[in-house]
Amino acid sequence: MAEISSTSPLTRSSVQSAHALIKAHIHRTPVLTNRTLSDLASTPRDLQGSRFEGRTAAKPKLRLWFKCENLQRIGAFKVRGAFHAVTKLMMEEGWVEGGGKEKGVVTHSSGNHAQALALAARENNIKAHIIMPTISAAPKIAATKGYGATVYFSGSTSVEREAMADKVIAETGARLVPPYNHPDIMLGQGTMGLELQEQVTELISAADPYSTNHAAAAGGGDASAGTVTGTGTNGLHAIIAPCGGGGMLSGVALSAESTGIQVFGAEPSYQGADDAKRGYYAGERVTAVSTLTVADGLRTPVGEWPWKVIYERRLVSGMYSVTEEEIKQAMRLVWERMKLVVEPSACVGLAVALFDEDFRAMVEREGGEDGWDLGVVFSGGNVGVEAVGRMFGAE
């Protein structure tokens with residue numbers, strides 16, 4: 001990575017500058033809607049037998065807007081941070097001249113950042129050294145190797161992966177490009193939040209798919225009929241995004257700074273994977289996690305730099321967590337109703353909107369009769385057919 005002293009300030013303006021640097025290397029992924037899923041999110045749930053049994057079911061009104069980073073290069077949002085980090089490293093004085101490309105870059109990742117850095121390195125003629133847990137999904141390992149990286153295997157915890165990375169750095173002189181805990185990564189990931197905000201505004205202004213008067217929304221009648229007002233500018237009220245190390249969540253929060261758009265984080269609860277939520281409400285960052293949640297991209301503790309944005313600056317308005325079964329239910333709905341290939345980690349935000357009564361009650365309270373336009377981040381789609389079969393085969 002570029003030295004911290006040379007990084008840009010963590011602001012929305014810096015996210016915009018990052019987008020200008022990397023937009024030639026990334027896809028402006030589509031934003032999709034789905035009336036069935038929005039209706040499900042807006043319908044009171046039967047809470048009998050659920051973790052919220054005994055409560056009165058919330059009645060939020062939600063219009064969901066899905067940012068499809070599963071259709072991004074390498075199948076995940078991680079390519080944004082990787083290209084921004086590599087671009088900034090290339091701009092660091094003396095790095096290229098000092099043999100930086102030959103020494104290379106190194107990272108540790110369960111798969112998506114691994115692929116992203118391998119691709120960014122290949123396109124800049126830089127050697128890439130990637131540490132992956134032995135339990136990483138086979139398609140992610142194959143893709144990382146396919147981009148030309150040298151892959152090293154380690155244990156599944158962040159401590160084990162970081163120890164292996166230190167060993168590779170000592171042997172090669174490679175520069176570490178961490179998966180989330182660096183300002184350049186956060187700013188790069190935040191570019192997705194900028195696009196989501198712009199795209200929803202464009203979609204509502206052109207022909208709001210949730211309007212009760214489609215002809216009017218498309219310009220065929222009274223242009224004000226059925227228009228969603230959003231934040232006052234025909235846009236989003238809030239965004240919910242998955243949180244593992246927190247690089248993307250913090251970046252999205254920066255992208256929404258001073259816009260009036262609230263940002264929320266979503267995590268699995270299995271085996272303590274909800275470290276950011278627990279730390280957020282306890283007031284102290286949790287530094288270690290050991291979990292085998294089905295959402296394999298979210299098995300890491302939130303990083304020190306993302307924590308500064310998420311908690312210390314309070315740019316994230318709240319954290320929520322969901323069960324393994326709720327993640328799988330959300331994933332099934334996306335596959336069956338939207339016909340999109342998404343991985344479990346991508347579905348935690350939708351699972352919160354569908355199943356977390358604390359979140360739903362908050363939307364009901366704050367959104368009132370008009371409800372909320374909620375951006376939901378589909379973070380990636382790197383899941384193998386065999387894994388999907390194991391998840392749903394016994395049902």
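As annotated in an unreviewed UniProt entry, the chain is Tryptophan synthase beta chain-like PALP domain-containing protein from Conoideocrella luteorostrata. One UniProt comment on the chain, placed under Sequence similarities (unreviewed entry), says "Belongs to the serine/threonine dehydratase family." Word for word, the UniProt comment on the chain under Cofactor (unreviewed entry) is "pyridoxal 5'-phosphate".

On to helix H16 (residues 385-392). Where H16 is concerned, the buried positions are Val388, Met391 and Phe392. Projection of H16 onto a plane perpendicular to its axis shows the buried side chains occupying an angular sector of 75°, all on one side. Residues of H16 that are exposed and angled more than 90 degrees away from the buried face: Glu386 and Arg390. Along its buried surface, H16 packs onto helix H13 (324-338).

What follows deals with the state of the cysteines. For the coordinates displayed, the defined rule picks out zero disulfides. Among the cysteines around Cys68, which has no disulfide bond, Cys347 carries the closest sulfur, lying 11 Å off. Classification of Cys68 by relative accessible area gives buried; the value is 0%. Taking relative accessible area as the criterion, Cys347 reaches 0% and is therefore assigned buried.

Under the criterion given, the structure shown has two cavities of 30 Å³ or more. Of the volumes computed, that of the largest cavity is approximately 330 Å³. Around the largest cavity sit 29 residues that line it, and Phe77, Lys78, Gly245, Gly297 and Leu298 are the ones nearest its centre. Contributions of two or more residues to the lining of the largest cavity are made by helix H5 (112-123), helix H8 (183-207) and helix H10 (247-255).

The next point concerns the UniProt feature "domain: Tryptophan synthase beta chain-like PALP" (unreviewed entry) in the chain. Under the UniProt annotation, the feature "domain: Tryptophan synthase beta chain-like PALP" (unreviewed entry) is placed at residues 57-231 and 237-354. End C-alpha atoms of residues 237-354 are separated by 17 Å, and the span's content is 41% helix alongside 14% strand.

Rolling a probe over the atoms, with the probe sized like a water molecule, indicates the empty space that remains. Size it by volume and the largest pocket reaches roughly 410 Å³. Surrounding the largest pocket, 18 residues form its lining, Ile135, Ala137, Asp296, Ala387 and Arg390 being those nearest its centre. For the lining of the largest pocket, the secondary structure elements donating two or more residues are helix H6 (138-146) and H16. The biggest single contributor to the lining of the largest pocket is H16, with four residues. Taken together, the residues of the lining of the largest pocket break down into 10 nonpolar, three polar and five charged.

Criteria and cut-off values
- Residues numbered from 1 in each chain as written.
- Predicted model: local features only at pLDDT ≥ 70, side-chain atom pairs only at ≥ 80, totals over all residues.
- Heavy atoms only, no water.
- UniProt positions renumbered as here; feature names shortened; annotations may be inferred.
- Buried < 20%, exposed > 50% of the residue type's maximum accessible area, 1.4 Å probe, protein only.
- Helix = DSSP H or I, 4+ residues; strand = E, 2+ residues; numbered from the N terminus.
- Arc of directions from axis to C-beta.
- Contact = heavy atoms within 4.5 Å.
- Disulfide = S-S within 2.5 Å.
- 1 Å grid on protein atoms, 1.4 Å probe; cavity = no way out; pocket = protein on both sides within 12 Å on 5 of 7 lines; lining within 4 Å.
- Points joined across faces, edges and corners; volume = space filled by probe spheres on them.
- Nonpolar A, V, L, I, M, F, W, Y, C, P; charged D, E, K, R; others polar.

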